[in-house]
Each structure stands twice: as structure tokens, then as C-alpha cells.
Amino acid sequence: MQINKWGILGLAGLMLVSYNLAQPGLLELRNNDVKLKDPLNGAPTNGREGYGPSLDWLDRLARSAKGEDNTRVKLNFSVLSSLMVAGLASGFRSQVANLLWMKSDEYWHEGLFTRQVPLMEAVVTLDPQFIDAWSTAGWHWAYNIYADIPSNPDYKAKGDLAIRKAQENAVETGIDYLNRGSAMNPDKYRLWFEYGWTRAEKGGYYDEKTADLYRMARKQSDARVIEITGPDNQPHKENNGLDILGRTIGHMYERVPLFHKSLDQYGSDLLALKPGTPDRKLLDENGRYWGLYGSEYSVIGDVYTKGDAVTKAQVKKLVPDVEEIIKAYAARQRIAAQVGRDQPVGAYVSITARYMPAQNLADKGDLQDAINTITGVMNVDPKYHLQRLATMAKIYELRGDAPAAIQTQLANLQVFEKTSSQDLGLHFLATLYQKAEAEAAKKGNTADEKKFARLAYETWYRSRSRDALDFYALRNTRLYEDKFGFTTPQNIVDEIKKSRKGGVPNAAPKDAPSIGSQYG
């Protein structure tokens, strides 16, 4: 049987070589000597086109036989069907890949997920430039197979740990497909982006490697290509789409959280405002005013500007620096009005308002004050956040709002801050406890180390319970469970579940525990 297999391979190789030698120009393609062209202007790029999978499939078969194939889905004789051999040997690899792709799609619609696995591997082996195939394989493993595992009777019978391991393997297999696909198609942004996105949003890897993958996607020539309908009612490609990938990098840094890097991405990169420049300082001031008065701080300037002399005097008495608020908000509006800058401006100001006060304390080593502050922000404690909300009530009154309307507006400001700050606030609080945990470990205090680890774990669990799609929090809780043997904090799960009855879940801890003066 072994002889027959190698005989088939030898015949396939002989047919492939003979076919190539008989076709003019195919040697250049096989050796990747033909440069790819830019999709917009047709100019040559540094990318090179390859005819088929070269002979890498033969190398992979040899590596697989030796147990040296490090891809998660192996290319072996169970995958190498006669149809696939025909495609590899004849040179009609795209046509055969399309046939296998249609069969794979048929299995998908029938719910036969596992039958798709060898077909997807066959398709990308036959046609490595088939970007949709790489993309779908990565998505299928990381999302569909992942979601199907908990309901699989075999895994259910094996228990939660088996389900967890199988799901982790599914995600890593999906990531592996996108890793290989991006390497085979380096001049296309799509697979670099999906590799980074799946790694972050499904694998829970918010780190510099993910940021670098987004950067790699961002620098490709098609990263901002959009298709529009021209005057002739025909589709045309233009390279003027929004810098979504630049925003995605900033968003990833928010969620780590690395707020200094996030502000630098939004401010220095996307807005081209270096630290210390006048407009950058004015954006910082917008954040400060938001933190004091709430997200509607611009109303102060409106009432002052539109009011008569008496109203102006009353506003000035309540808010002595009202002219500075007007100046700062005007700068914010001016910068945000530029194409593609509205979202980065909003992100920059909200981060400055909610998280930078605690971040600045943590930078100084004041961990306890940082923990107290971010906990206060998530609970809208006037000691730490929206300290001048009472002043806003008087501003609304000067505007002529009715008492009931004023109370509703104040309540809305508080709810907005409470619900909007928890996504990043819980991540930030967990990392502050992790810093205390690391300090305790340095001091050799194992009791405190485990206490702070428990606080970090429970905070990550709050975030995980609040948002079932927070795979970063999921990954961090599992790391703590593996290291310390922690088990599900059922009281926290029940607390957050109960809060959902009021609409938006409230996952913020009510109080900040003392970590001790020796830890800041």
C-alpha cells in the first residue's frame, strides 16, 4: 500500500513537471518571477504572483510523514484525494479548487462542519491565492466550529475542561489558517487584518503582535480601497476610504488597556497632533471639562454665548473659566469636522475624561488612589467623577429647562457615564490589581500575592460576565484558574445577572478594597 501511495505521488510529480515544461511562461510563475499589479493604477508592486502552490505540497507531505508538519490541519494522504492530485498534477488547480469549494459550501449548508475541514485544506493547497478560502477557513474554525463544540454530545460527555480545550484548539486552528493565508498573500490587507482581528477578538490576544498585524494590513495598497458607483453607473475603485485600521489599533490599545499608547495612536497618528501642541492641549482640556461636568459640558458655552448680559454674568459666576470651555470645544469641533477625524477626536476626549485621572495616579505609583478613582468613575461617585454635576443643574435652569427635565438630564448623564465606562474601566481595574499582585510577588508576600490575584480574577470575571464576547477577559480568567485554581465567583455572576433586569448590566464593584500602604 505504501508503494502505491508513493507511486501515485511520483506519477503526479512527473505529470506536473511535464506540463510545466510544455507551457511557455509558466516557469516564471512557478518561481514567483511575475510581479503583481496595483489594483488601482496597474503599476507593478513588490508582490509576486505564484502559479499554484509550487511544490510546497510535496514538502508538506514529506514533513507530515516525519511528524514535522507544524500546521494545525495536516496535509496527508487522507486529504490528498484523487481530484486534488489531478489538480496539482495538471495545472488546473483553480478549477479543481472551485469544485472542492462548492462541495465545502454544500457541507456548510447541511451543517456537516467536520466534513468541510479536509476540503478547506485541499482548496488552499490547490490555490493559495484564493483569499476567500483562507478567510472562510479561519472564520469557520474560530467561530462556527467553536460555537458548535458545547452542543456536541461527545464533548458534553467529557465535561467542561474537554469543551474548553476543544474550543481553544478551534480558535488556534482558525488563527493558523489566517497566519498561513496572510503569508501567502502578503500584498493584500484583508488576511493580515482578519489574522489580527481573530487573534484579538476571538483568541483574546491584545498585545503588540496583534497591533503589528494591524499595521501590516494598514500599509498595504488596498487597505483603503473602496468601491463606488461612478457617473456612468458602473463600479469604480478609489483609494480614499476611512483609515479603519488606524482606528482599530487605537481601539485595541484602549482595551489592553494601554491608555498612553491609545492616545498617541489617536492624537499623534490619526489626528497628526503631537503632545504639547496647542490643539492637542485643547483636546486634553475637553476631556477635563467632560470629567467635571459630563458629556454635555458644551451646553455651558451655549448658554453663555446666547444669553443676555444678566445670564452671562450668572454663568460666569458659576463657571469662571467659561471662555476656556468655549475655546476648547470650538477646537474640538474644528478638528472633528475634518474628514475621518470625528471618531478619533471622540475617542481621545472620552479616554482623557474617564481614565486618564486614574492612569496618571498609577503612573506615579499611587495604586490605591488609582483603584479608588477608576472605581469611582464606574459608579459616578462625585468625589471622583462629574464633580460639578450640580453646576450643570443650574446651567440647565438658566437655559430655561423645567425641574423635571433637569433631573432627567442629570440622571441620563450619570447613566451614560456608568454604562460607558465599565467596558474599559473593568479591564483597567483588573490590571491595577495585577500590578499590586506583581509587587507582592517581588516582596515575597505570597498571601498578598494571592489576595490581589483573586481581586484581579474577580474583576476580569465581572467583565466576562458583563459581555459574553469579551474574550480578552475570558482568557485572563482562565489563566488565573490554571495558575491558582480559582473557581467561578458565583456571587458576582448572580449580581450581574440580577442587574440585567434593569436593562443595561452593571458590573462595577461598589467599593474599592484597601490594598495596603506598602503597595501604593
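Please read these numbers as outputs of a predicted model, since none were measured by experiment.

The next thing to look at is the overall build of the protein. Along the protein, the regular secondary structure elements total 25 helices and 4 strands. Per-residue burial over the protein gives 48% buried out of 520 residues. Across the protein, every contact between residues at least 6 apart in sequence was considered, and the portion connecting residues at least 24 apart equals 65%. Of the accessible surface of the protein, which amounts to about 25400 Å², a share of 54% is contributed by carbon and sulfur atoms.

With that settled, consider a positive patch on the surface. A cluster of basic side chains, namely K497, K498, K501 and K510, defines a positive patch on the protein surface. Inspection of the secondary structure assignment puts K501 in the segment after α25 (490–499). For K501, a relative accessible area of 76% translates into the label exposed.

Time to look at the packing of helix α23 (residues 446–466) against α25. Between α23 and α25, the least distance of the axes is 10 Å, while the angle of their chain directions is 35°. Considering how the two elements wind past one another, α23 and α25 form a crossing that is right-handed. Packed against α23, whose contacting residues are E458, Y461, R462, S465 and R466, the element α25 presents I492, V493, E495 and I496 at the interface. Considering only residue class, the contact of α23 with α25 consists of 4 nonpolar, 1 polar and 4 charged.

The next subject is the environment of R190. On the secondary structure map, R190 appears in helix α10 (residues 189–201). For R190, a relative accessible area of 28% translates into the label partly exposed. Distance in space between the C-alpha atoms of R190 and D222 is 8.6 Å, their sequence separation being 32 residues. Residues within four places of R190 in sequence aside, it is in contact with I131, D132 and S135.

Position of F486 relative to the elements: it lies in the loop between α24 (471–484) and α25. F486 sits in the buried class, given a relative accessible area of 8%. The contacts of F486, once residues within four sequence positions are left out, are K450, A453, R454, Y457, Y480 and E481.

When the terminal C-alpha atoms of helix α22 (residues 403–443) are compared, their 55 Å separation across 41 residues agrees well with the 60 Å that a helix rising 1.5 Å per residue should span. The largest bend in α22 is about 55°, located at Q422. At the exit of α22 stands G444, carrying a positive phi of roughly 75°.

A few words now on the packing of helix α14 (residues 278–293) against helix α18 (residues 342–354). Two elements in contact, α14 and α18, have axes whose closest approach is 7 Å; the angle formed by their N-to-C orientations is 55°. Relative to α18, α14 is oriented oblique. Like other packed secondary-structure pairs, α14 and α18 cross with a definite hand, here right-handed. Contact with α14, carried on its side by R280, L283, D284, N286, G287, W290 and G291, involves V345, Y348, V349, S350, T352, A353 and R354 of α18 and no other residues of that element.

Mapped onto the elements of the fold, R164 is located in helix α9 (residues 160–184). In this structure R164 touches R478 and D482, once residues within four positions along its chain are discounted.

Y293 and I300 are the most contacted members of the largest nonpolar core, which totals 116 residues. Ranked by residues supplied to this core, first place goes to α22 with 12 residues. Y293 has contacts with I300, V319, D321, I325, L386, R388, L389, T391, M392 and L413, leaving out every residue within four places of it along the chain.

The predicted coordinates ought not to be read in detail in places where the model reports low pLDDT. Across the protein, the average pLDDT comes to 85, with 78% of residues at or above 70. Under a pLDDT of 50 for its full length, residues 19–34 has, in the predicted model, 30 contacts with residues more than four places off or in other chains.

What follows covers the packing of aromatic side chains. In total, this model carries 14 aromatic pairs according to the counting rule given. Summarising the aromatic geometry, the rings of F193 and W197 are spaced 5.9 Å apart at their centres and angled 35° between planes, so their arrangement reads as tilted. A residue pair is termed a helical-turn pair when its members lie 3 or 4 positions apart in one helix, as F193 and W197 do in helix α10 at 4 residues. The exposure class of W197 is partly exposed, given its relative accessible area of 33%. Taken together, the ring pairs connect Y457, Y461, Y480, F484 and F486 into an aromatic cluster. Over the aromatic face of F416 sits the side chain of R354, whose NZ or CZ is 5.3 Å from the ring centroid.

Another aspect to go through is the pattern of salt bridges. The full count for this structure, using the stated rule, is 24 salt bridges. A salt bridge links E121 to R180; the shortest N-O distance between them is 3.1 Å. Of this pair, E121 sits in helix α6 (residues 113–126) while R180 is found in helix α9, placing the two residues 59 residues apart along the sequence. Here E121 falls in the buried class, since its relative accessible area comes to 0%. Look at R180 and you get buried, because its relative accessible area is 13%. In this structure, R218 and D269 form a salt bridge, with 2.8 Å as the shortest nitrogen-oxygen distance. Of this pair, R218 sits in helix α11 (residues 208–218) while D269 sits in helix α13 (residues 259–270), and the two are 51 residues apart along the sequence. Assessed through its relative accessible area of 24%, R218 is described here as partly exposed. Salt bridges here are not isolated pairs; linked through shared partners, they connect R164, E168, R478 and D482.

Definitions and limits used
- Residues numbered from 1 in each chain as written.
- Predicted model: local features only at pLDDT ≥ 70, side-chain atom pairs only at ≥ 80, totals over all residues.
- Heavy atoms only, no water.
- Helix = DSSP H or I, 4+ residues; strand = E, 2+ residues; numbered from the N terminus.
- Buried < 20%, exposed > 50% of the residue type's maximum accessible area, 1.4 Å probe, protein only.
- Contact = heavy atoms within 4.5 Å.
- Areas by Shrake-Rupley, 256 points an atom, 1.4 Å probe, with all protein chains shown as cover.
- Patch = residues over 30% accessible without salt bridge, like charges linked within 9 Å, V, L, I, M, F, W, Y side chains within 5 Å.
- Salt bridge = Lys/Arg side-chain N within 4 Å of Asp/Glu carboxyl O.
- Lys, Arg positive; Asp, Glu negative; His and termini not counted.
- Charge placed at Lys NZ, Arg CZ, Asp CG, Glu CD.
- Axes fitted to C-alpha atoms, helices over the stretch in contact; angles between N-to-C directions.
- Left-handed = near helix turned anticlockwise from the far one by under 90°.
- Nonpolar A, V, L, I, M, F, W, Y, C, P; charged D, E, K, R; others polar.
- Expected span 1.5 Å × (residues − 1).
- Bend = angle between axes of the 7 residues up to and from the residue.
- Parallel < 35°, antiparallel > 145°, perpendicular 65-115°, else oblique.
- Core = buried A, V, L, I, M, F, W, Y, C linked by side-chain atoms within 4.5 Å.
- pLDDT = per-residue confidence, 0-100.
- Phe/Tyr/Trp six-rings, centres within 6.5 Å; stacked < 30°, edge-to-face > 60°.
- Lys NZ or Arg CZ within 6 Å of the ring centre and 35° of its normal.

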